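One letter stands for each residue in the lines below.
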Amino acid sequence: MQMNTDVKKRFYFILIFTCLINCIAVKAQPVDKLATKETSRLFHNLQLLSQKGTLFGHQDDMAYGVNWKYQQGRSDVKDITGQYPGVFGWELGGLENDALVNLDSVPFDLMKDYIRKGYEAGAVITISWHLNNPLTGKSAWNPSPLNTIPAILPGGEKNKLFNTWLDKVAVFLQSLQSKNGTPIPVIFRPYHELNGSWFWWGGKNCTPKELIELWKYTVSYLRDKRQIHQLLYAFNTDRFSSEIEYVERYPGNDWVDIVGFDIYQKGDILANDKFITEMDKSLTLLDKIAKEKNKIPALTEFGFNTIPDADWWTTVFLKAIEKHSIAYALAWRNAGRKSANEIEYYAPYKGHLSADDFLIFSKKKKMFFEKRTRQLKLYQ
Ligand code: BMA
């Protein structure tokens, strides 16, 4: 039987309309339209994952832990749980000065091996960059309020120098390949905690417009000029209290793949409830922001230094994140003893008072460590 013209028209209209809606609703793309197949898959898979669970990450995990350094196959997380984390965080600070080790003494050559090992285990790699202040030549924590960004963008006295720094980062990132030559996808996280005023790129040290220009310049430089197509770009603030505050420096949906924030619990365990409440509020905001912008939500850094609470993992941290969508949560580094009166670690080590609870936490359905992360086949 033949369809009459009106019915046909209506049929085609509904078909096209449905296709359009599906395309708009489902198909967010990485900001790099030429992203490698594995990078695109990672983007889509992390977006899906955030609805059901959270990868556990740890900074510098394979390199050192509390009271040990560079022992093949070791990890504080693995010593307790029998498995590595699902996300490995690494840091490039120092690379801009041709240093052989980063600002936390991790040799760049070793870092490349660790990154390859992590990728080949099916885990996710994220890289931050505490780059020096190109204007003063001092550290990332040495602001020169309102001067640095104009000096390093085109037309500025330090633009050439800054480009050479980006070139070094480009060379490093491009050298990250699997054994068979596949470029390793990396979540690149420059200019983090950008609403605080402790780094030269943040808070009162620049205007929102300047930071946005710097962000776009960096993405364009790596993606378009250097043709690096293995990156997802993570934008992250420090703790924040409103959507207005969060988006003040947001460069726009065409420039960001992952939205996140960093948060640390301060004080003693009496502050647990305060931390849960604050996390719940910020994560509710992040859920909303990520949904509106169709981006991947992540807790880009977190921790409670020395974890002085035996049940912190299940009764505080898990409680705080349980109801929320977060693709991954990165615990900061286990530096261990730094000086007579300074010690720093955010994941427990074997024998630590929260180790038993951490083991229970690692088996929770919501949490993905190495083994369940591998099963997700995030690059396929
Ligand atoms: C900070 C501390 C420092 C470290 C820096 C960059 O939070 O851990 O010791 O140098 O991160 O990794």
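First, a word on what this report is: a plain description of the structure on this page.

Calculation rules
Residues numbered from 1 in each chain as written. Predicted model: local features only at pLDDT ≥ 70, side-chain atom pairs only at ≥ 80, totals over all residues. Heavy atoms only, no water. Helix = DSSP H or I, 4+ residues; strand = E, 2+ residues; numbered from the N terminus. Rg over C-alpha atoms; globule rule 2.2 N^0.38 Å. Contact = heavy atoms within 4.5 Å. Areas by Shrake-Rupley, 256 points an atom, 1.4 Å probe, with all protein chains shown as cover. Lys, Arg positive; Asp, Glu negative; His and termini not counted. Charge placed at Lys NZ, Arg CZ, Asp CG, Glu CD. Pairing = 2+ DSSP bridges. Near = heavy atom within 4 Å. Polar contact = N/O pair within 3.5 Å; in protein donor to acceptor, adjacent residues only side chain to side chain. 1 Å grid on protein atoms, 1.4 Å probe; cavity = no way out; pocket = protein on both sides within 12 Å on 5 of 7 lines; lining within 4 Å. Sits in = over half its atoms within 2 Å of the grid points. Nonpolar A, V, L, I, M, F, W, Y, C, P; charged D, E, K, R; others polar. Points joined across faces, edges and corners; volume = space filled by probe spheres on them. Patch = residues over 30% accessible without salt bridge, like charges linked within 9 Å, V, L, I, M, F, W, Y side chains within 5 Å. Salt bridge = Lys/Arg side-chain N within 4 Å of Asp/Glu carboxyl O. Buried < 20%, exposed > 50% of the residue type's maximum accessible area, 1.4 Å probe, protein only. Core = buried A, V, L, I, M, F, W, Y, C linked by side-chain atoms within 4.5 Å.

1. Description of the overall build of the protein
Here is step 1 of the chain: Helices and strands together make up the secondary structure of the protein, namely 12 helices and 13 strands.
Here is step 2 of the chain: For a compact globule of 380 residues, the expected C-alpha radius of gyration is about 21 Å, and the protein comes in at 22 Å, within 12% of that figure.
Here is step 3 of the chain: Considering only C-alpha atoms, the protein reaches an extent of 85 × 55 × 45 Å along its principal axes.
Here is step 4 of the chain: For the protein, the share of sequence-separated contacts (at least 6 apart) that also reach a separation of at least 24 residues comes to 74%.
Here is step 5 of the chain: Of the accessible surface of the protein, which amounts to about 16800 Å², a share of 55% is contributed by carbon and sulfur atoms.
Here is step 6 of the chain: Side chains of the protein carry 49 positive and 42 negative charges; the gap between the two charge centres is 6 Å.

2. With respect to the pairing of strand β11 (residues 336-339)
Here is step 1 of the chain: Relative to strand β12 (residues 342-344), β11 runs antiparallel, the two sharing 3 bridges. Paired with Ser339 across the two strands is Glu342, which belongs to β12.
Here is step 2 of the chain: The turn joining β11 and β12, which pair antiparallel and follow one another in sequence, is formed by 2 residues.

3. Some thoughts on the site of the ligand
Here is step 1 of the chain: Taken together, Asp104, His130, Trp141, Trp332, Arg333, Lys338 and Glu344 make up all the residues around the ligand.
Here is step 2 of the chain: Asp104 is positioned such that a nitrogen or oxygen atom in its side chain is 2.5 Å from an oxygen atom of the ligand.
Here is step 3 of the chain: Trp332 has a polar side-chain atom sitting 3.1 Å from an oxygen atom of the ligand.
Here is step 4 of the chain: At a threshold of 2 Å from the grid points, most atoms of the ligand map onto the second largest pocket.
Here is step 5 of the chain: Grouping the amino acids of the shell around the ligand by side-chain chemistry returns 2 nonpolar, 1 polar and 4 charged.

4. Considering the layout of surface pockets
Here is step 1 of the chain: Considered as a void within the structure, the second largest pocket measures approximately 310 Å³ in volume.
Here is step 2 of the chain: Taken together, 21 residues line the second largest pocket, and the ones lying closest to its centre are Tyr264, Glu301, Trp332, Glu344 and Tyr346.
Here is step 3 of the chain: Among the secondary structure elements, those contributing two or more residues to the lining of the second largest pocket are β8 (258-265) and β9 (296-304).
Here is step 4 of the chain: By residue number, the principal contributor to the lining of the second largest pocket is β9, which donates 3 residues.
Here is step 5 of the chain: Residues that form the lining of the second largest pocket fall into these classes: 8 nonpolar, 5 polar and 8 charged.

5. Description of a nonpolar patch on the surface
Here is step 1 of the chain: A cluster of nonpolar side chains, namely Leu103, Trp141 and Trp198, defines an oily patch on the protein surface of about 300 Å² accessible area.
Here is step 2 of the chain: Along the chain, the position of Trp198 falls in the loop between β6 (186-190) and α7 (208-225).

6. Structural notes on unusual backbone geometry
Here is step 1 of the chain: A positive phi is found at Asn67, a non-glycine position, where the angle reads about 70 degrees.
Here is step 2 of the chain: For Asn67, a relative accessible area of 76% gives the class exposed.
Here is step 3 of the chain: Although it is not a glycine, Asp98 adopts a positive phi angle of roughly 60 degrees.
Here is step 4 of the chain: For Asp98, a relative accessible area of 55% translates into the label exposed.

7. Observations concerning the environment of Ala329
Here is step 1 of the chain: Its place among the elements puts Ala329 in strand β10 (residues 328-331).
Here is step 2 of the chain: Sequence separation between Ala329 and Phe56 is 273 residues, and the spatial gap between their C-alpha atoms is 5.4 Å.
Here is step 3 of the chain: Leaving out residues up to four positions away in the same chain, Ala329 has contacts with Thr54, Leu55, Phe56, Gly57, Leu299, Phe302 and Phe317.

8. Thoughts on the nonpolar core
When a protein is soluble and globular, its nonpolar side chains tend to lie buried together.
Here is step 1 of the chain: Core analysis: the biggest nonpolar cluster contains 116 residues, and Trp90 and Ile127 have the highest contact counts within it.
Here is step 2 of the chain: In terms of residues, this core owes the most to one element, helix α9 (residues 272-293), which gives 8 residues.

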